[in-house]
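Now for the letters of each chain:
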Amino acid sequence: MTNSKQTAFDPHAFLLNAGLGKRLVHLKVKEALFVQGDVADSVFYLQKGRAKLTVVSNTGKEATITLLAPGEFVGEEAVGAILGNRMATAIAITACTALKIDRKEMIRVIHEERALSDLFLAFLLARSMRTQADLVDQLFNSSEKRLARVLLPMAEFGKSSEPETLLPEITQETLAEMIGATRSKVSGFMNRFRKLGFIEYNGRIRVNKSLLNVVLHDQPFERNALSADLLSTPSGASKSAQRITKVVNRINKAPDEHVKKPRS
């Protein structure tokens, strides 16, 4: 009698390799993973590169919903109970590699493998929270702060890994679509951020950690630029700002120990 040891399912290996019901696709800049109106028959897992999700209205007006980074799913509507059509278009903004997973295979693995279903559910919750935060941002924050909130996730600040401070090539038109402003306003904000030292901008954008102050602290931009302790919480800050600051400090742990706190 032989004992067969079943290999544990590895969700990360599943999302990296082609196989039954899934294949790797390679896209050049401006190539589409899928187009608005297509049948939603597959889910994509972005392995390399950056992409954007856009929608076009009946009148032909285009808007960018979100930017996609490696490690994210896109086209998740394919696992809905009813097979429908794509509600948006996913386009590569850099060279991309993605795993295309057929709808039936994705549903099967979600049902049979808890590790993947947990990972997929965590992603869906994170995207839902980000969508709600973006909506609140549009309703209550200035265009300048909305731009800062767009640039920071693109630089992957807040993740456990080192941030990719040099952003992929992205036009001011795309940034304007994302924050609901004009290209000229975005140009003005970018110039101001550069003067204050929040970014370096010469064709491609490099985001500095000091831009975090624009999002975390409800202070004027100029005052944030003069702060030596980039992640300190100012006196009188809201409790939510204090909580966010603590989270960011835990994420970054102690890379800024050499930075001296400003004298009170």
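The model shown is predicted, which means the values in this text are computed figures rather than measured ones.

Asker: Where do I start with the sheet that holds strand 1 (residues 22-27) in this structure?
Answerer: Strand pairing in a sheet relies on backbone hydrogen bonds. The paired strands run either parallel or antiparallel. Across the sheet, four strands lie side by side as 1-8-3-6; this open sheet has antiparallel pairing. Of all the strands in the sheet, just strand 1 and strand 6 (73-74) have a single pairing partner and so form its edges. Looking at chain direction, strand 1 and strand 8 (residues 96-102) are connected through six bridges and run antiparallel. Residue pairing for strand 8: histidine 26 is matched across the bridge by threonine 97. With respect to the sheet, helix 2 (residues 103-112) is in contact with strand 3 (42-48), strand 6 and strand 8, its orientation differing from that of strand 8 by roughly 80 degrees.

Asker: Any chance you could explain the confidence of the model for the chain here in plain terms?
Answerer: The predicted coordinates of low-pLDDT regions are not to be read in fine detail. Per-chain confidence: the chain averages 80 in pLDDT, with 75% of residues scoring 70 or above. Low pLDDT (under 50) marks residues 1-5, which in the prediction has zero contacts with non-local residues, meaning those over four places away or in another chain. Between residues 222-238, whose pLDDT stays under 50, and residues either more than four places distant or in other chains, the model counts 36 contacts.

Asker: Can you help me understand the nonpolar core in this one?
Answerer: Note on soluble globular proteins: their nonpolar side chains tend to be buried together. Grouped together as the largest cluster of nonpolar side chains are 27 residues, with contacts concentrated most on Leu147, Leu151, Leu175, Ile199, Ile205 and Leu211. Residue assignment for this core shows that the elements contributing at least two residues are helix 4 (143-154), helix 5 (172-179), helix 6 (183-195), strand 9 (199-202) and strand 10 (204-207). When neighbours within four sequence positions are excluded, leucine 147 is seen to be in contact with Leu175, Ile179, Val186, Phe189, Met190 and Phe193. Leu53, Ala90, Cys96 and Ala98 belong to the second largest nonpolar core, which has 15 residues in total.

Asker: What am I meant to see in the pairing of strand 3 here?
Answerer: Successive side chains on a regular strand alternate, one facing one side of the sheet and the next facing the other. For strand 3, a buried count of six out of seven residues is recorded, marking the element as mostly surrounded by other parts of the structure. As paired elements, strand 3 and strand 8 share six bridges and run antiparallel to each other. The partner of serine 42 across the bridge, within strand 8, is aspartate 102. Bridge count for strand 3 against strand 6 is two bridges, and the pairing is antiparallel. Pairing of phenylalanine 44 across the sheet is with valine 74, part of strand 6.

The rules behind each value
Residues numbered from 1 in each chain as written. Predicted model: local features only at pLDDT ≥ 70, side-chain atom pairs only at ≥ 80, totals over all residues. Heavy atoms only, no water. Pairing = 2+ DSSP bridges. Helix = DSSP H or I, 4+ residues; strand = E, 2+ residues; numbered from the N terminus. Contact = heavy atoms within 4.5 Å. Axes fitted to C-alpha atoms, helices over the stretch in contact; angles between N-to-C directions. pLDDT = per-residue confidence, 0-100. Core = buried A, V, L, I, M, F, W, Y, C linked by side-chain atoms within 4.5 Å. Buried < 20%, exposed > 50% of the residue type's maximum accessible area, 1.4 Å probe, protein only.

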